[in-house]
Amino acid sequence: MPTIFGSVLLVALAAGALASPVAEPAITEAPSLAKRATSCTFSGSTGASKASASQKSCSTIILSSVAVPSGTTLDLSDLEDDTTASFIQSPVIFEGETTWGYEEWDGPLLQISGSSITVKGASGAKLNPDGARWWDGEGSNGGKTKPKFFYAHDLTSSTITDLYIENTPVQAVSINGCDGLTITDMTINNEAGDDEGGHNTDGFDIGSSTNVVITGATVYNQDDCVAVNSGTDITFSGGVCSGGHGLSIGSVGGRSDNTVETVTFKDSEVKDSVNGIRIKASAGDIGEITGVTYSGITLSSISKYGILIEQNYDGGDLKGDPTSGIPITDLTVENISGADAVASSGYDVVIVCGSGACSNWTWSDVDVTGGSKYSGCENVPSVTSCS
Ligand SMILES: *[C@@H]1O[C@H](CO)[C@@H](O)[C@H](O)[C@H]1NC(C)=O
Ligand SMILES: *[C@@H]1O[C@H](CO)[C@@H](O)[C@H](O)[C@H]1NC(C)=O
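In this text, all values refer to a predicted model and were calculated from it rather than measured experimentally.

Rules used in this analysis
Residues numbered from 1 in each chain as written. Chains lettered and ligands numbered in written order. Predicted model: local features only at pLDDT ≥ 70, side-chain atom pairs only at ≥ 80, totals over all residues. Heavy atoms only, no water. UniProt positions renumbered as here; feature names shortened; annotations may be inferred. Helix = DSSP H or I, 4+ residues; strand = E, 2+ residues; numbered from the N terminus. Contact = heavy atoms within 4.5 Å. Buried < 20%, exposed > 50% of the residue type's maximum accessible area, 1.4 Å probe, protein only. Pairing = 2+ DSSP bridges. Patch = residues over 30% accessible without salt bridge, like charges linked within 9 Å, V, L, I, M, F, W, Y side chains within 5 Å. Areas by Shrake-Rupley, 256 points an atom, 1.4 Å probe, with all protein chains shown as cover. Salt bridge = Lys/Arg side-chain N within 4 Å of Asp/Glu carboxyl O. Lys, Arg positive; Asp, Glu negative; His and termini not counted. Charge placed at Lys NZ, Arg CZ, Asp CG, Glu CD. Near = heavy atom within 4 Å. Polar contact = N/O pair within 3.5 Å; in protein donor to acceptor, adjacent residues only side chain to side chain. Core = buried A, V, L, I, M, F, W, Y, C linked by side-chain atoms within 4.5 Å. Domains from an automatic or database assignment. Disulfide = S-S within 2.5 Å. pLDDT = per-residue confidence, 0-100. 1 Å grid on protein atoms, 1.4 Å probe; cavity = no way out; pocket = protein on both sides within 12 Å on 5 of 7 lines; lining within 4 Å. Points joined across faces, edges and corners; volume = space filled by probe spheres on them. Nonpolar A, V, L, I, M, F, W, Y, C, P; charged D, E, K, R; others polar. Arc of directions from axis to C-beta.

Visitor: Just to check I follow, could you spell out the UniProt feature "active site" (unreviewed entry) in the protein chain for this structure?
Guide: Here, the residues flagged by UniProt with the feature "active site" (unreviewed entry) are H245. On the secondary structure map, H245 appears in the loop between β19 (240-242) and β20 (247-252). With near-sequence residues (within four places) excluded, H245 lies in contact with Q222, D223, D224, V274, N275 and R278.

See the structure below:
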């Protein structure tokens, strides 16, 4: 009996002794935990400025039917970085319809940056910059100055899920300086621009980024669906592209970063578009395009080029003599379905390479027909041909 009594007492004493060192850090952590538990909802015409001002003090930011004033950015580029694993990251959530006022300026209309950021569109949410107010058929080449839509810049270990974007004035999503960004089920619907003067409405422009994964995207637009200008380890899969210029690498060259390495486009569809697959290396420039894969791509209703690979890009396709300063190596093109996909006035496969500048290509199960044979192909690797 006394022995048991003694043990119970010892356990009680031990628990008491342990209690205070455990409690102390909990008290010190409390303000930080409380701050992170704050969920903030912003809406209406003051929502954007209030959200920008409060981004460091809210754990969850809900943007509910925010009306962003003209000439301003919905700026979430200073979000609380959350690189410590001890916190559950809270998201930025778009609800209802987000709108933007009209002004001629460069934008961006939306900017999000940070580490371990989670961005989500709630069910039924829509980001609607009402781009038709700027559309004049000239895109970024002239006419009205049009704001770029979304800068997803300097995002690290972050995700963007379920955003529905409608009618951007010009380019939609710019991905730059990112390391570890996953974009899932994004829709960019600029279909109205087909008839109303939408131009240069690129879906995703990617530069100087690594580990970017875009899955399940739907893009209706009037320029490149995806354009990778530079970057490494980039994957686009399960996407649908319509109305635009297809799945592109480039143009590469003439920027500060001119290296494209390990980029994969797979299991995607390109329809009602000018091109299916296009790799553009700028003539006269220096850089590198290596380890690009196109696999499981289905093409239909392509008006100009089913597959276009060129080292003589010069602001436009197939301009003059190709050069060798941006070699295209370790390219894989496989399982491409495009029987009768190309208009008879278009070309099925066009390859114009500089001398010795296209090597180590793999080309298999490519069935792209309907168009003509291009007579100006040059330095085509022996694994394929332009027929
Ligand atoms: C070819 O691509 C299609 C379309 O993405 C895909 O469903 C199929 O599994 C692929 N076939 C092979 C052999 O990879
Ligand atoms: C050829 O390309 C493949 C990828 O497609 C790569 O794994 C391989 O290392 C390359 N070989 C040479 C000799 O560069």
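Visitor: Help me out: how do you make sense of the pairing of strand β14 (residues 204-207) in this one?
Guide: On a regular strand, each side chain points to the face opposite its neighbour's, so the side chains alternate between the two faces of the sheet. Judged by which residues are buried, β14 turns out to be covered on both faces: F204 and I206 on one side and D205 and G207 on the other are all buried. Examined bridge by bridge, strand β11 (residues 173-176) and β14 share 4 bridges and lie parallel to one another. Bridge assignment links I175 to a residue of β14, and that residue is I206. Pairing analysis gives 3 bridges linking β14 to strand β17 (residues 226-228), with the strands arranged parallel.

Visitor: Is there a simple way to explain a negative patch on the surface in this structure?
Guide: Taken together, the side chains of E191, D194, D195, E196, E269 and D272 present a region of like negative charge at the surface. For the negative patch, the elements supplying multiple residues, two or more each, are α3 (193-196) and β21 (259-282). Looking at where E269 falls in the secondary structure, it is placed in strand β21.

Visitor: Explain the environment of K304 here, please?
Guide: Looking at the element boundaries, K304 is found in strand β22 (residues 288-313). On the basis of relative accessibility, which here comes to 47%, the residue K304 falls in the partly exposed class. The spatial distance from the C-alpha of K304 to the C-alpha of D348 is 8.2 Å, given a sequence separation of 44 residues. Sequence-distant contacts of K304, that is, excluding residues within four places in its chain, are made with V274, N275, V342, G346 and Y347.

Visitor: What is the right way to look at the site of ligand 2 in this model?
Guide: Around ligand 2, the surrounding shell consists of D330, T332 and N360. Here an oxygen atom of ligand 2 sits 3.4 Å away from a polar atom, N or O, in the side chain of D330. The contact in question runs from an oxygen atom of ligand 2 to an N or O atom on the side chain of N360, over 2.3 Å. Its free accessible area being 360 Å², ligand 2 has 33% of it covered by the protein chains.

Visitor: Hey, could you run me through the site of ligand 1 in this one?
Guide: D267, G296 and N335 make up every residue found near ligand 1. Residue G296 places a main-chain N or O atom 3.1 Å away from an oxygen atom belonging to ligand 1. Between an oxygen atom of ligand 1 and a side-chain N or O atom of N335, the distance comes to 2.3 Å.

Visitor: So what exactly am I meant to see when it comes to the nonpolar core here?
Guide: In globular proteins that are soluble, nonpolar side chains generally tend to be buried together. Within the largest apolar cluster, 89 residues are counted, with the highest numbers of intra-cluster contacts made by I175, F204 and I249. Counting contributing residues per domain, this core is built from domain 1 (36-223) and domain 2 (252-387), each supplying no fewer than three. If we ignore the near neighbours within four places in the chain, the residues touching I249 are V228, V260, V263, F265, R278, I279, K280, I289, V292 and Y294.

Visitor: Quick question: what am I supposed to make of the state of the cysteines here?
Guide: Working definition of a disulfide: a covalent bond connecting the sulfur atoms of two cysteines. Tallying each qualifying case throughout the model produces 4 disulfides. Each sulfur in the disulfide pair C225 and C241 lies 2.2 Å from the other. Between C225 and C241 the sulfur-sulfur dihedral comes to about -65°; the bridge is accordingly left-handed. Here the residue C225 occupies a position in the loop between β16 (218-220) and β17, and C241 occupies one in strand β19, the gap between them amounting to 16 residues. With relative accessibility at 1%, the residue C225 sits in the buried group. Relative accessible area serves as the criterion here: at 1%, C241 is assigned to the buried category. Across a sulfur-sulfur distance of 2.0 Å, C353 and C358 are joined as a disulfide pair. Looking down the S-S bond of the C353 and C358 bridge, the torsion is -90°, so its handedness is left-handed. Indicated for the protein chain is the disulfide connectivity 1-2, 3-4, 5-6, 7-8, based on numbering the bonded cysteines in sequence order.

Visitor: Help me understand the confidence of the model for the protein chain, please; the structure alone is not making it clear to me.
Guide: A low pLDDT score tells you not to read the predicted coordinates there in detail. The predicted model of the protein chain averages 90 in pLDDT, with 88% of residues at 70 or higher. Overall, residues 1-36 carries pLDDT values under 50, and its contacts beyond four positions in sequence, including any with other chains, amount to 12 contacts. Across residues 83-88, confidence stays below pLDDT 50; counting only partners more than four residues off in sequence or on other chains, it has 6 contacts.

Visitor: For this particular structure, what's the right way to read the layout of surface pockets?
Guide: Over the atoms, a rolling probe the size of a water molecule traces out where space has been left empty. Size it by volume and the largest pocket reaches roughly 730 Å³. At the level of elements, β9 (150-161), β11, β14, β20, β21 and β22 are the ones that each hand at least two residues to the lining of the largest pocket. Of the residues belonging to the lining of the largest pocket, the class tally is 11 nonpolar, 17 polar and 11 charged. The two domains that each donate at least three residues to the lining of the largest pocket are domain 1 (36-223) and domain 2 (252-387).

Visitor: Got a minute to help me understand unusual backbone geometry in this structure?
Guide: For residues that are not glycine, phi is negative in most cases, and the peptide bond is trans in most cases. Of note, the bond from G107 into P108 is cis; its omega dihedral lies within 30 degrees of zero at 5°. Its place among the elements puts P108 in the loop between β5 (97-100) and β6 (110-115). Here the bond from G250 into S251 is cis, since omega is 10°, no more than 30 degrees from zero. At D154, a position not held by glycine, the phi torsion is positive, near 55°. Considering the arrangement of structural elements, one finds D154 in strand β9.

Visitor: Sorry, what's going on with helix α2 (residues 47-54) here?
Guide: Helical periodicity: at 3.6 residues per turn, an α-helix aligns residues three or four positions apart in one direction. Inspection of α2 places G47, A48, A51 and S54 among the buried residues, and these make up the whole buried set. Relative to the axis of α2, the buried residues are bounded by an arc of 145° and lie together on one face. If you follow the buried residues of α2, they end up packed against β1 (39-44), β2 (60-68) and β3 (74-76).

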